[in-house]
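These are the residues of each chain, in order.
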Amino acid sequence: MSTQAPVASASAEGAAPDATFEPVIIGFTCNWCSYRAADLAGTARTKYPPNVRLIRLMCSGRLDPTFVLKAFSEGADAVLVSGCHPGECHYIEQNYKALRRFHLLQRTIEALGIEPARLQLVWASAAEGVRLANEIARVTEEVRALGPLNWPAASIVDVDGMELDAVWEATGGDAGGLPATPGGANPKHGAEAIK
Amino acid sequence: MTERIGVYVCHCGTNIAGVVDVAEVTRWAAENLRDQGVVVARDYKFMCSSPGQDLVTDDIKEYGLNRIVVAACSPHLHENTFRTATARGGLNPYLCELVSIREQDSWVHTDKAAATAKAKALLAGGVERVRRNEPMEPIKVDINPATLVVGGGIAGISATLEIADAGFKVYLVEKSPSIGGHMAQFDKTFPTLDCAACILTPKMVAAGTHPNVELMTWSEVEKVEGYVGNFTVTVRKKARYVNEDLCNGCGVCQEKCPWKVLDGDFEAGMGRRKVIYTPFDQAVPRVPVIDRPNCPYFQKGTCRACEKFCDAKAIDYMQEDQILTLQVGNIIIATGYDLFDARRIPQYGYGRLPNVFTSLEFERLCSAAGPTNGNVVLRDGKTPPKTVGIVHCVGSRDQNYNGYCSAICCMQSLKFAHLVRERTDAEVTNFYIDMRTPGKGYEEFYDRVLEEGGHFVRGKVAEITDAARLPGEEDKLIIQVEDTLTGKQRRIPMDMVILSAGLEPRAGAKDLATRFGISCSFDGWAIEKHPKLDPVATMTEGVFVAGCVSGPKDIPASVAQGAAAAARVLGRIQQKQMNLEPIKATVYAEHCSGCRICNTMCPYNAISFLEAEGVSSINAAMCQGCGTCVAACPAGAISGTGFSDEQILAQIEGLLSVGADGAPLKRTAYPETHHEAIEEAVRA
Amino acid sequence: MSPTAKSNGRATTAAKPKLAIFGAASCGGCDVAIINIHEHIVDVAAAFDIVLWPTVMDGKYSDIEAMDDGEITVTLVNGSMRTDETVHLSKLLRRKSKFMVAFGSCASEGCIPGLANLSSRKEILDTAFSTTSTDNPDGIRPIWEYQAPEGVLHLPEFEPMLRTLDQVVDVDYTIPGCPPESKQIWAALQAVVAALNGTGPLPPKGSILGAGESTVCDECARKRNVKKIDRFVRIQQVAQFDPEICLLEQGLPCNGPATRDGCGALCPAVGAPCIGCYGAAEGVVDYGARLMSAYASVVEAQKPDEIDKVLDGIVDPAGQFYRFSLAGSLLRSSKAAWNTDGEK
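Residues numbered from 1 in each chain as written. Chains lettered and ligands numbered in written order. Predicted model: local features only at pLDDT ≥ 70, side-chain atom pairs only at ≥ 80, totals over all residues. Heavy atoms only, no water.

### Observations concerning the packing of helix α12 (residues 409–423) of chain B against helix α13 (residues 442–452) of chain B
All names here are of chain B. The geometry of α12 relative to α13 is characterised by a closest axis approach of 10 Å and an angle of 35° between their N-to-C directions. Taken as a pair, α12 and α13 cross one another with a handedness that is left-handed. Across the interface between the two elements, Met 411, Leu 414, Lys 415, Ala 417, His 418 and Arg 421 from α12 touch Tyr 442, Phe 445, Tyr 446, Arg 448, Val 449 and Glu 452 from α13. Partitioning the contact of α12 with α13 into residue classes produces 7 nonpolar, 1 polar and 4 charged. (Axes fitted to C-alpha atoms, helices over the stretch in contact; angles between N-to-C directions. Helix = DSSP H or I, 4+ residues; strand = E, 2+ residues; numbered from the N terminus. Left-handed = near helix turned anticlockwise from the far one by under 90°. Contact = heavy atoms within 4.5 Å. Nonpolar A, V, L, I, M, F, W, Y, C, P; charged D, E, K, R; others polar.)

### Observations concerning the sheet that holds strand β6 (residues 147–150) of chain B
Residues and elements named next belong to chain B. Taking strand neighbours across the sheet as the criterion, the 5 strands line up as β10-β7-β6-β18-β29 in an open arrangement whose pairing is parallel. Two strands close off the open sheet at either side, each with one partner strand: β10 (213–216) and β29 (543–545). Pairwise comparison of adjacent strand axes, ignoring direction, gives a mean angle of 20° for this sheet. Of the pairings in the sheet, the one linking β6 to strand β18 (residues 330–333) comprises 4 bridges and is parallel in character. Opposite Leu 148, over in β18, you have Ile 331 as the bridge partner. Helix-sheet contacts for helix α6 (residues 154–165) involve β6, β7 (170–173), β10 and β18, and the interaxial angle to β7 is about 165°. (Pairing = 2+ DSSP bridges.)

### A closer look at a negative patch on the surface
Residues and elements named next belong to chain B. A cluster of acidic residues, Glu 443, Glu 444, Asp 447 and Glu 451, forms a negative patch at the surface. Tracing the backbone through its elements, the reader meets Asp 447 in helix α13. Residue Asp 447 is classed as partly exposed on the basis of its relative accessible area, which comes to 39%. (Patch = residues over 30% accessible without salt bridge, like charges linked within 9 Å, V, L, I, M, F, W, Y side chains within 5 Å. Areas by Shrake-Rupley, 256 points an atom, 1.4 Å probe, with all protein chains shown as cover. Salt bridge = Lys/Arg side-chain N within 4 Å of Asp/Glu carboxyl O. Lys, Arg positive; Asp, Glu negative; His and termini not counted. Charge placed at Lys NZ, Arg CZ, Asp CG, Glu CD. Buried < 20%, exposed > 50% of the residue type's maximum accessible area, 1.4 Å probe, protein only.)

### Considering the interface of chain B and chain A
Taken together, the 68 residues of chain B in the interface contact 69 residues of chain A. For the pair chain B and chain A, the two sides together bury roughly 6200 Å², of which 59% comes from carbon and sulfur. For the chain B face of the interface with chain A, the top three residues by lost area are His76(B), Arg667(B) and Tyr670(B), together amounting to 11%. On inspection of chain B and its partner chain A, the count reaches 3 salt bridges. Taking the shortest distance from any N to any O, the salt bridge between Arg56(A) and Glu79(B) comes out at 3.2 Å. (Buried area = accessible area lost by both parts, 1.4 Å probe.)

### A word on the packing of helix α3 (residues 94–111) of chain A against helix α10 (residues 304–311) of chain C
The interhelical angle for the contact between α3(A) and α10(C), taken along N-to-C directions, is 50°, at an axis separation of 10 Å. When the interaxial angle is binned, α3(A) and α10(C) end up oblique. In terms of crossing hand, the pair formed by α3(A) and α10(C) is right-handed. Along the contact surface, α3(A) presents Leu99(A), Arg100(A), His103(A), Leu104(A) and Arg107(A), while α10(C) presents Pro304(C), Ile307(C), Asp308(C) and Leu311(C). (Parallel < 35°, antiparallel > 145°, perpendicular 65-115°, else oblique.)

### Notes on a nonpolar patch on the surface
Residue and element names in this part refer to chain C. Taken together, the side chains of Ile 143, Tyr 146, Leu 153 and Leu 155 define a hydrophobic patch exposed on the protein surface, amounting to about 370 Å² of accessible area. Here Leu 155 lies in the loop between β7 (151–154) and β8 (158–163). With relative accessibility at 37%, the residue Leu 155 sits in the partly exposed group.

### Focus: the pairing of β8(C)
Residues and elements named next belong to chain C. In terms of burial, β8 is a largely internal element, 6 of the 6 residues being buried. Note that strand β4 (residues 81–83) and β8 share 2 bridges and pair antiparallel. In the sheet register, Thr 83 faces β8, and the bridge partner there is Phe 158.

### Some points on the sheet that holds strand β24 (residues 461–465) of chain B
Within a sheet, adjacent strands bond to each other through the backbone by hydrogen bonds, running parallel or antiparallel. Residues and elements named next belong to chain B. Read from one edge of the open sheet, 3 strands run β24-β25-β26, paired in antiparallel fashion. Each edge of the open sheet is held by one strand with a lone partner, namely β24 and β26 (488–494). Strand-to-strand, the axes of this sheet are offset by a mean angle of 20°, without reference to chain direction.

### Some words on the domain arrangement of chain B
According to the domain assignment, chain B consists of domain 1 (5–137), domain 2 (139–234 + 323–336 + 507–578), domain 3 (239–320), domain 4 (341–504) and domain 5 (585–640). Each of domain 1 of chain B and domain 3 of chain B has a C-alpha centre, and the two are 68 Å apart. (Domains from an automatic or database assignment.)

### Points about the confidence of the model for chain B
If pLDDT is low for a region, its predicted coordinates should not be looked at in detail. Across chain B, pLDDT averages 94, with 98% of residues at or above 70. For this predicted complex, the interface score ipTM comes out at 0.92, while the overall pTM is 0.80. (pLDDT = per-residue confidence, 0-100.)

### Thoughts on the environment of Pro582(B)
All names here are of chain B. With respect to the secondary-structure elements, Pro 582 resides in the loop between β30 (577–580) and β31 (585–587). A relative accessible area of 7% places Pro 582 in the buried class. Between the C-alpha atom of Pro 582 and that of Arg 102, which follows or precedes it by 480 residues, the distance is 27 Å. Excluding residues within four positions of it along the chain, Pro 582 makes contact with Tyr 94, Met 136, Glu 137, Pro 138, Ile 139 and Thr 641.

### What to know about helix α7 (residues 196–209) of chain B
It helps to recall that an α-helix has 3.6 residues per turn; residues three or four apart then point in one direction. Residue and element names in this part refer to chain B. An ideal rise of 1.5 Å per residue puts 20 Å on 14 residues; α7 measures up with 20 Å between its terminal C-alpha atoms. Inspection of α7 places Ala 196, Ala 197, Leu 200, Thr 201, Met 204 and Ala 207 among the buried residues, and these make up the whole buried set. Axial view of α7: buried residues confined to an arc of 125°, hence all on one face. Exposed and oriented more than 90 degrees from the buried face of α7 are Cys 198 and Thr 209. (Expected span 1.5 Å × (residues − 1). Arc of directions from axis to C-beta.)

### What about the state of the cysteines?
By definition, a disulfide links the sulfur atoms of two cysteines through a covalent bond. One pass over the structure, following the stated rule, counts 0 disulfides over all chains. For Cys253(B), which is in no disulfide, the shortest distance to another cysteine sulfur is to Cys250(B) and amounts to 6.1 Å. Owing to a relative accessible area of 10%, Cys253(B) belongs among the buried residues under this scheme. The closest cysteine sulfur to the non-disulfide-bonded Cys217(C) is located on Cys595(B), 5.0 Å from its own sulfur. (Disulfide = S-S within 2.5 Å.)

### Comments concerning the side chain of Lys237(B)
Note on placement: Lys237(B) falls in strand β12 (residues 230–237). Side-chain polar atoms of Lys237(B) contact the side chain of Glu244(B), separated by 2.5 Å. (Polar contact = N/O pair within 3.5 Å; in protein donor to acceptor, adjacent residues only side chain to side chain.)

### So, the pattern of salt bridges
A complete count under the given rule lists 66 salt bridges over all chains for this structure. Where Lys97(A) meets Glu93(A), a salt bridge forms, and the shortest distance between an N and an O atom there is 3.6 Å. Taking the relative accessible area as the measure of exposure, Glu93(A) reaches 31% and is therefore partly exposed. A salt bridge links Asp308(C) to Arg107(A), with the nearest nitrogen and oxygen atoms 3.1 Å apart. With one member in each of two chains, Asp308(C) in helix α10 and Arg107(A) in helix α3 form a pair that bridges those chains. Residues joined by salt bridges that share partners form a network here, namely Arg56(A), Glu79(B), Arg83(B) and Glu581(B).

Shown next as structure tokens:
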């Protein structure tokens, strides 16, 4: 049996990509370059699609692959990583580490069946507001064409029409030491347990 | 801890409210983020105003809030404002988060519904993040009152004198044998036509003799360690082979030295100097240097004339490089520029056609102390030119070489036109693209030169050639140019052509930047903290830039920047202590296995490996808070304050709790099997 | 806990805490590891009333069902949640137990069977039942319900995705390893006994037992230097590895830096790279992410094509980074596994 997972087809169910599908994309920016570029795009009133929600890190070198995987597992359709141009990192050379992590991440998510185009890397200096806006627009359209990723949620809300809450209540609920959230409520994956 | 979070959504007039439905976002937050701990949610026209800030301060006291989220403009604008308001309410300022719904939302999107939905998502992200914020205190560091100035040109000298005059110690390190920089090479300065040496040398002397200045010429910075207020700098003072303490600057050694070499530095290759030399007569210090690779004593063991004639017995062939360690609190980098190498434009013939000169070469020609005693003559050293062409924008404003404008060449070219007319009867033609004369007195200078009667051709010179085609072109340099004002191609014969070559970053600029821990752009210009509002600071605390190191500029701007950098440094020295943002990484030794993956993650050398304990350790003072090591650690043993895993993972959850339409993001579930039979059995 | 047990026909020993050891979808290795505590097994039998241990002794599910909730003091579950029977029994045992322990890698993070989550159920069954090594001319597939003359038989259904124990029930403690080292098992059991006797502390809920606080490098005797990796190799590509130096520095992808210690770093000691069976370090959310980040951070290359050249040495990223931990990772599976199109 092959150890490689077959890459899932671009749009699920083989249907045509939904033209009204609005991707939800998480973007990681660095405080000194790409976040400032986004701010510059704002000050210049450059318009771009509203699909990317940006997180500010101090440096692209802070980018932990955990963040990218967390974003996918929480429902993002794509992740955008951005930082200073190689050679211009405010912290000298940290974006090279980000670049290498990005490469390895992309290979791994591809092995897990996520289209590599759902993880994109854009370098943008603090002066490149318009360019960043254009790249965001480009990525949004590429992801729109791929369709929703729709990664399943860790905590199950409803399966096969069964009200799982009722099931848990009937089987003793909390008293039996059962988790408050039914199904796969792994404390590691829920918001509460990260303390 | 039970969170009690206050949420404040700013209208910013109509900047936000015109696109984002702020009332709806506020209402939504109050209702949907209650489980996350939101107890009060308000919207207000201008949160940054006094009454706006008071909302925060008062609510903290009245509602016992322990976290604040302000959804408004960019944190780069008002993070401090709201942190201060939070502190006034009695809460640790780092428990306040800013969410940008202006630059990142209302200003960049047109679809109001989508922008409102995005604002909800961004706010949810901020709320989830702030729940994981920890109270922090800024880190206080002492400031060493000594300052290092790197580069002894006009900007560096400016900075040095300001600080020294204020009563504080300055180490001025210059890699040439003398301070003065490029300005010392010029003949006259625009627009006043002051003699460059006349206005510069008094400053050079002042710097060289100031009791608070320790001048280290023929020296280079090799290593910089430490952090603001506490830098340890390693300087290599190269061997001059002349004892500085004994030398009295009489100059006899230079007179008597029988050996001359081409001077490619100060004389720009136009003249020669002795092997034991000071770069120019007014050099500071007046102590000469022996050019070892060209000295027959060092190469063959012969001569020793300088030693014979030196009354002060200052010649010391055994002298060695000295490595000095300096402790300084702040550093000002003023290392200047290099001239664009005009040989890179072969069609201009520089280096091949003898009478094509660069700007620096021409400055040396004009200089009274230069190789031709100030006579403007051709390369043969005697013939004055009858026709001179001055080409602007050589290597500047050119997609093939440097796209930027070098700022000073137009004025410099006009100055050359004036100087040629002053010293010869030659006809002068300036070949320009635009005339850039923005400074004080610059436009007036342009008028003056126009009145003096030069020709001006608007067009980028295509070629300078000696291949004559038409009568009158023999033995001349022909400038081939499109005259855009007449719309014609022209061939204009010249005796002499001067190329106003552009300014470029110094050859070792990127290495220099790395050594000092600052960034430079792709071209090599040092990057300032903010190009508009903070042009002399860099992103690295304690390191400042002045003069052309950060980009082409004229002498008044360089002097102003030198003084500005000095003022910033003096401010720090006067305060004696500084607050640093407490964004730092820490290794938890109990979880560290000593795998050493993190050891190469820090460009500031803040991470060291403790052999005895078998763990890695981070020097908090040197840590700049980038977080790279936090992300790299395979054991998760490094944590970072301010941008912890907990905070960011929570922010991701919050951002993804809202879909593109403003409703909760629709999720599917992992497939699972269910049987009635199983459920019954479990119920049993 | 009452010293007199509920009457259900079984003889009870007063006050001995009850212990259940259940193998879900398990290879049996964890049971072997427990037995490998050798003569200490007698101490275990003395300290506990073992009410369920299918590998070793007879027992009936109905006995468990008849118990009170919380009557079993400690249940050790090894193996993963692969069929609905294992899910059902885990839930049952959860109700009946005071403390539930995820024992071994399968229960705590999915282990090797978790790699089944790289494929859909249909693909797995097709491969098992219709490859060239299987003689299955009628294309038979397992069925989950069978109408027998006596009634409907419910057979354990192969769940669409493999899950870890804590994705199914609330878990109190975890003992990692594939299998957990027998020394560590004995240490953990002693700690449990001490806690029950009141002679030792009760570890906080969620604790990892029988393992260290750090990672395998802590226990590894090899000499470590700063890491600068310019190539990744497979173990068969190099004739001889230096026995003194860190394996990762020699280009062999060793999972030691990201893997919890406690095993004694047995594999690197004999020249085999750590493959990660003890799972993630303290507080880590996704094992594979940590390892990926560590490797990528120390690759000696700056340009994209050079980086790719080095990373080409990791031929199977999913396997390298999630060999044991896929089911317990953030994504839990590949897309193929939960995309159940085309399935009945």
